[in-house]
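In case you want the letters, here they are:
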Amino acid sequence: MRRLVLPAVLLAGTVALTGCDGGGDSAAHVSVGSSYMPQPVSDEMAAGFLTVVNRGGTADQLTSVTSDAASDVTMHSTAGGAMEAKSSFAVPAHGRLVFRSGGNHLMFDGLKRKPKQGDTVTVKLTFARSGTLTVEMPVKSATYRPPTGH
Ligand code: CU
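This one's a predicted model, so the numbers in the text were calculated from it and none came from an experiment.

Cut-offs and rules
- Residues numbered from 1 in each chain as written.
- Predicted model: local features only at pLDDT ≥ 70, side-chain atom pairs only at ≥ 80, totals over all residues.
- Heavy atoms only, no water.
- Helix = DSSP H or I, 4+ residues; strand = E, 2+ residues; numbered from the N terminus.
- Buried < 20%, exposed > 50% of the residue type's maximum accessible area, 1.4 Å probe, protein only.
- Contact = heavy atoms within 4.5 Å.
- Areas by Shrake-Rupley, 256 points an atom, 1.4 Å probe, with all protein chains shown as cover.
- Donors = N, O, S within 2.8 Å, 3.2 Å for Na, K, Ca; no water.
- Tetrahedral: all angles 85-135°; square planar, octahedral: opposite > 155°, others 65-115°.
- pLDDT = per-residue confidence, 0-100.
- Polar contact = N/O pair within 3.5 Å; in protein donor to acceptor, adjacent residues only side chain to side chain.
- Pairing = 2+ DSSP bridges.
- Phe/Tyr/Trp six-rings, centres within 6.5 Å; stacked < 30°, edge-to-face > 60°.
- Lys NZ or Arg CZ within 6 Å of the ring centre and 35° of its normal.
- Core = buried A, V, L, I, M, F, W, Y, C linked by side-chain atoms within 4.5 Å.

**Q** Even after reading the chapter, I still don't get the overall build of the protein chain, so can you show me in this structure?
**A** When its secondary structure is counted, the protein chain shows one helix and ten strands. Counting every position in the protein chain, which comprises 150 residues, the buried fraction comes to 34%. Residue pairs in contact within the protein chain that sit at least 24 positions apart in sequence constitute 67% of those at least 6 positions apart. Surface exposure of the protein chain reaches about 8700 Å², of which carbon and sulfur atoms provide 55%.

Structural data, given as structure tokens:
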């Protein structure tokens, strides 16, 4: 009986993969939530946080981030207290990619105006497979921390 289970799982994976290659349908696999920007203290630079959820059976990659609010947006990882710019981040199949305070983060450089609490910043995330997603990132207080324990 066990032998019959595995091919069924592989077949389901194949169907999901076909869906991913079907153009506009593919974006449904990746979604973005819990985004926010702490109101920056600097006129030049701000940080941003969000969670990418991949409900599809195929891994994806976040390959670039842009925003009309900043001349440049970079993706950083944090390890051992030091941050490092990365050209891409993996989004595992049936998994998530988390940017949060103290960890991975987005950095907005060359702010065109200083975002204030209550504003919204438009951010475009480009994925290797899922195309581009536009996120309206709310600006929160400088000390905002998202609720934990989900
Ligand atoms: Cu950084």
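**Q** How should the coordination of the copper ion be read in this particular structure?
**A** Ideal geometry at a metal centre gives angles of 109.5 degrees when four donors are arranged tetrahedrally and 90 or 180 degrees when six donors are arranged octahedrally. Distances from the copper ion to its protein donors, H76 (ND1), M83 (SD), H105 (NE2) and M107 (SD), fall within 2.0 to 2.2 Å. Classification of the site at the copper ion rests on its four donor atoms, whose angles at the metal span 91 to 120°, yielding the label tetrahedral. Sequence spacing of the donors to the copper ion: H-x6-M-x21-H-x1-M. Of this pair, M83 sits in strand 5 (residues 82-86) while H105 sits in strand 8 (residues 105-111); the two residues are 22 residues apart in sequence, bridging distant segments of the chain. In this structure M83 comes out as partly exposed when scored by relative accessible area, which is 47%.

**Q** Hey, could you run me through the confidence of the model for the protein chain in this one?
**A** Looking at the protein chain, the pLDDT average stands at 85 and 80% of residues meet or exceed 70. Scored below 50 in pLDDT, residues 4-28 shows 13 contacts in the model against residues more than four places distant or in partner chains.

**Q** Teacher, can you tell me more about the side chain of H76 here?
**A** Tracing the backbone through its elements, the reader meets H76 in strand 4 (residues 70-79). For H76, a relative accessible area of 10% puts it in the buried group. Within polar-contact distance, the side chain of H76 engages the side chain of T74 at 3.2 Å.

**Q** Explanation requested: unusual backbone geometry in the structure shown.
**A** Glycine aside, the phi torsion of most residues is negative, and most peptide linkages are trans. Unusually for a residue other than glycine, S34 sits at a positive phi of about 55°. The residue H94 is not glycine, and still its phi comes out positive at about 50°. Tracing the sequence through the fold places H94 in the loop between strand 6 (89-91) and strand 7 (96-99). Overall, the relative accessible area of 63% leaves H94 in the exposed class.

**Q** Looking at this structure, I do not really get the pairing of strand 9 (residues 120-127). What am I missing?
**A** On a regular strand, one side chain projects to one face of the sheet and the next to the other, so that they alternate. Of the two faces of strand 9, the one holding V121, V123, L125 and F127 is buried and the one holding T120, T122, K124 and T126 is not buried anywhere. Both strand 9 and strand 10 (residues 131-140) contribute to a ladder of eight bridges, which runs antiparallel. Looking at strand 10, one finds that K124 is bridged to T134.

**Q** Explain the packing of aromatic side chains to me, please; I cannot follow it from the model alone.
**A** Centre-to-centre distance and the angle between the planes together describe a pair of aromatic rings. Under the defined criterion, the tally for this structure stands at three aromatic pairs. Ring geometry for Y36 versus Y144: centroids 4.8 Å apart, planes at 75°, classification edge-to-face. With Y36 in strand 1 (residues 30-38) and Y144 in the segment after strand 10, this residue pair connects regions lying 108 residues apart in the sequence. Judged by relative accessible area, which is 3%, Y36 ranks as buried. Classification of Y144 by relative accessible area gives partly exposed; the value is 24%. Among the aromatic residues, those joined into a cluster by ring pairs are Y36, F49 and Y144. Above the plane of the ring of F89 lies K86, whose end atom (NZ or CZ) is 5.7 Å from the centre.

**Q** Help me understand the nonpolar core, please; the structure alone is not making it clear to me.
**A** As a rule of thumb, soluble globular proteins bury nonpolar side chains together. In terms of nonpolar packing, the biggest core is built from 26 residues, with L62, V65, L106, F108, L125 and F127 touching the most fellow members. Those residues in contact with F127 that lie beyond four places of it in its chain are V30, V52, D60, Q61, L62, T63, V91 and L133.

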